[in-house]
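Here are the chains, one letter per residue:
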Amino acid sequence: FNDVNLKRYPMVKLLNFLSNKTSLYETIVVSANDTLVELFLNQKITFTDIQKKLFKIIKLKEFSKYKKIYPKKIKDILELNNYVRLNVQKKVYKL
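Just so it is clear, the structure is predicted and the values come from calculations on it, not from any experiment. Counting restarts for each chain: residues are numbered from 1 in the order of the written sequence. Local features in this predicted model are restricted to residues whose pLDDT is 70 or higher, and side-chain atom pairs enter the listing and the counts only when it is 80 or higher, whereas totals over whole chains, interfaces and linings include all residues. Calculation of side-chain values draws on the structure's entire complement of heavy atoms; hydrogens and water are dropped beforehand.

The secondary structure listing takes helices from DSSP runs of H or I that are at least 4 residues long and strands from runs of E that are at least 2 residues long, numbered from the N terminus. Counting its secondary structure elements, the protein contains four helices and zero strands. Its helices and strands taken in sequence order, the protein reads α-α-α-α from the N to the C terminus. Whereas a compact globule of 95 residues would reach a radius of gyration of roughly 12 Å, the protein reaches 14 Å, a difference of no more than 12%. Its C-alpha atoms give the protein principal-axis dimensions of about 35 × 35 × 20 Å. Across the 95 residues of the protein, 31% fall into the buried class. Across the protein, contacts joining residues at least 24 apart in sequence account for 69% of those joining residues at least 6 apart. Here the protein displays about 7,000 Å² of accessible surface, and carbon together with sulfur accounts for 56% of that area. Positive and negative side-chain charges of the protein, numbering 20 and 8 respectively, have mean locations separated by a distance of 6 Å. The globule rule used for comparison is 2.2 Å times the number of residues to the exponent 0.38, while the radius of gyration itself is calculated over C-alpha atoms. Buried residues are those whose accessible area, probed at 1.4 Å on protein chains only, stays under 20% of the maximum for their type, while exposed residues exceed 50% and partly exposed ones sit between those limits. Between two residues, a contact is recorded if the distance between any of their heavy atoms is within 4.5 Å. For the area figures, the Shrake-Rupley method with a 1.4 Å probe applies, and any residue is considered shielded solely by the protein chains shown. Counting rule applied: Lys, Arg positive; Asp, Glu negative; His and chain ends not counted. We put the charge of a Lys on NZ, of an Arg on CZ, of an Asp on CG and of a Glu on CD.

Shown next, in the form of C-alpha cells:
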C-alpha cells in the first residue's frame, strides 16, 4: 500500500482521534459528521466546512472527555446522539 496524501484526504487524520476500544466518542464523531453533512445539504455550510468544523468540534473539551466513557446501554448512545446534534447546530456558526 502507498501512504495516504493527507493534504488531499484530510479526513484520514480523523483515525488518529479514535481509540482501539469502543467508547462514546465514536458516537460524537458520527453524530457531529451527520449533522454537518445535513447542514451542507441544506446549503447552510460549504463542503470544505464539514471537515474543518468536524475537527474543531471533536477537539472541544466538552466532547473529548467521552473518549474514556464506554457505553453501557443503548439509551446512553441515543441520548448522547441527540445532545451532540443539538449542540453542533448551535456551535457550528460560532466556530
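There's plenty left to go through after this.
Looking now at the side chain of Asn-81. As for its placement among the helices and strands, Asn-81 is situated in helix H4 (residues 74–91). Take Asn-81: its relative accessible area is 18%, and that puts it in the buried class. Here a polar contact means two N or O atoms within 3.5 Å. Within protein one must be a hydrogen donor candidate and the other an acceptor candidate, and residues neighboring in sequence count only if both atoms are side-chain atoms. Of note is the side chain of Asn-81, whose polar atom sits 2.5 Å from the side chain of Ser-31. When near neighbours in sequence (up to four residues on either side) are disregarded, Asn-81 contacts Thr-27 and Ser-31.

To continue, consider helix H2 (residues 47–59). When H2 is considered as a whole, its buried residues turn out to be Asp-49, Ile-50, Lys-53, Leu-54, Phe-55, Ile-57 and Ile-58. If you follow the buried residues of H2, they end up packed against helix H1 (25–41), helix H3 (61–64) and H4.

A few words on the pattern of salt bridges. We define a salt bridge as a contact between a side-chain nitrogen of Lys or Arg and a carboxyl oxygen of Asp or Glu at a distance within 4 Å. A complete count under the given rule lists three salt bridges for this structure. With a shortest N-O distance of 3.8 Å, Lys-75 and Glu-79 are connected by a salt bridge. With a gap of four residues between them, Lys-75 and Glu-79 both fall in helix H4, about one helical turn apart.

Relative to the 26 Å expected for 18 residues at 1.5 Å per residue, H4 spans 26 Å between its end C-alpha atoms, a close match to the ideal helical length. If you check which residues of H4 are buried, you get Leu-80, Asn-81, Val-84, Asn-87 and Val-88. The buried residues of H4 occupy an angular sector of 150 degrees when the element is viewed end-on, so they sit on one face. In H4, those exposed residues whose orientation departs by more than 90 degrees from the buried face are Leu-86 and Lys-90. In this fold, the buried residues of H4 make contact with H1, H2 and H3. Multiplying one less than the number of residues by 1.5 Å gives the expected span of a helix. Within this analysis, the arc is defined by the directions that extend from the helix axis to the C-beta atoms.

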